[in-house]
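# Chain and residue survey
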Amino acid sequence: MIKFFILANIQGKTRLSQYYEHIPFQDRPTMESDIIRKCLSRTSLQCSFLEYKEDMKFVYRRYASLFFIVGVDSTENELAIYELINNYVEILDATFEDVCELDIMFNIDKAHFILDEMISNGNIVEISKQQILEVINSICKSADGTTASNQPIKLR
């Protein structure tokens, strides 16, 4: 089961966080900074799966200046989560046309919405890029009549 999803930049600042298991609010910043610090200290040659505490591990992936970090319980398949991160990035890339940190900062609601379409209550519910992009297109059309580029978002 997925416990949290964190997106951080290389300066260690959290850009997006979503929790699926109760972690007291006052403990979150300490935990996030500890996990982000561990990711930043690792080289590209080291494994992207780390044990964290006794009942949790996290999987991370770096894309350009962003770290996508997913905390899971000890029974979760790390490679499936690694692929989930890749899938999320591909959907963001299709949505924002070459996604960057600023796209996520200025469209945080859309980034959360995409994540909510993929993960519900700590379980992966949708992985189809086409299905998720269709939902995003319909939301964009109902919100302002068109997508940002006046064209439907298409899968590359």
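Values in this document were obtained by computation on a predicted structure and should not be read as measured data. For every chain, the first residue of the written sequence is number 1, and numbering continues from 1 onward in sequence order. Per-residue local features of the predicted model are confined to residues with pLDDT of at least 70, and side-chain atom pairs are confined, for both listing and counting, to 80 or more; whole-chain, interface and lining totals are unaffected and use all residues. The basis for every side-chain value is the complete set of heavy atoms in the structure, and neither hydrogens nor water enter the calculation.

Okay, the packing of aromatic side chains next. In summary, the pairing rule links any two rings of Phe, Tyr or Trp, Trp by its six-membered ring, whose centres are within 6.5 Å, and it sorts them by plane angle into stacked for under 30 degrees, edge-to-face for over 60 and tilted for everything else. By the definition in use, this model includes seven aromatic pairs. Aromatic side chains Tyr52 and Phe58 sit 6.0 Å apart centroid to centroid with 65° between the ring planes, which places their arrangement in the edge-to-face category. Ring centres of Tyr63 and Phe68 lie 5.7 Å apart, and the angle between their planes is 85°; this geometry places the pair in the edge-to-face category. By the ring-pair criterion, three or more aromatic residues cluster together here, those being Phe5, Tyr63, Phe68 and Tyr88. A cation over a ring is seen here: Arg28 above Tyr19, with NZ or CZ 4.1 Å from the ring centre. Only when the NZ atom of a Lys or the CZ atom of an Arg is both within 6 Å of the ring centre and within 35 degrees of the ring normal do we say a charge sits over the ring.

This part takes up helix α4 (residues 108-118). For every residue, the accessible area obtained with a 1.4 Å probe (protein chains only) is divided by the maximum for its type, and the residue is called buried under 20%, exposed over 50%, and partly exposed between those limits. Put simply, DSSP marks the helices as runs of H or I at least four residues long and the strands as runs of E at least two long, and each gets a number from the N terminus on. Looking at α4, one finds that the buried residues are Ala111, Ile114, Leu115 and Met118. Seen end-on, α4 carries its buried residues on one side only, within an arc spanning 100°. It is the directions from the helix axis to the C-beta atoms whose arc is reported.

One bridge is not enough; two strands pair if DSSP finds at least two bridges between them. Two strands pair when backbone bridges link them, and strand β1 (residues 2-9) and strand β2 (residues 14-19) are joined in this way by five bridges, in the antiparallel orientation. Bridge pairing links Leu7 to Leu16 in β2. Here β1 hands over to β2 after four residues, with Gly12 in that stretch at a positive phi of 90°.

Below, the discussion takes up the sheet that holds β2. Spatial strand order, β2-β1-β5-β4-β3: five strands in an open sheet with antiparallel pairing. If you trace the sheet from one side to the other, it starts and ends with β2 and β3 (49-52), each paired once. Direction aside, neighbouring strands of the sheet carry axes that sit 20° apart on average. Where helix α2 (residues 78-96) meets the sheet, its contacts fall on β1, β2, β3, β4 (56-63) and β5 (66-73), and the angle it forms with β4 comes to roughly 35°. The axes used here are C-alpha line fits, helices contributing only the stretch in contact, and every angle between their N-to-C directions lies in the interval 0 to 180 degrees. Whether two residues touch is decided by their heavy atoms; if any such pair falls within 4.5 Å, the residues are in contact.

This paragraph deals with the nonpolar core. Buried residues of nine kinds, namely Ala, Val, Leu, Ile, Met, Phe, Trp, Tyr and Cys, make up a nonpolar core once their side-chain atoms join them within 4.5 Å. Within the largest apolar cluster, 29 residues are counted, with the highest numbers of intra-cluster contacts made by Phe5, Phe68 and Tyr88. Counting only elements with at least two residues in this core, the list comes to β1, β5, α2, α4 and α5 (129-144). In this structure, Ile35, Ile36, Cys39 and Phe67 belong to the second largest nonpolar core, which totals 16 residues.

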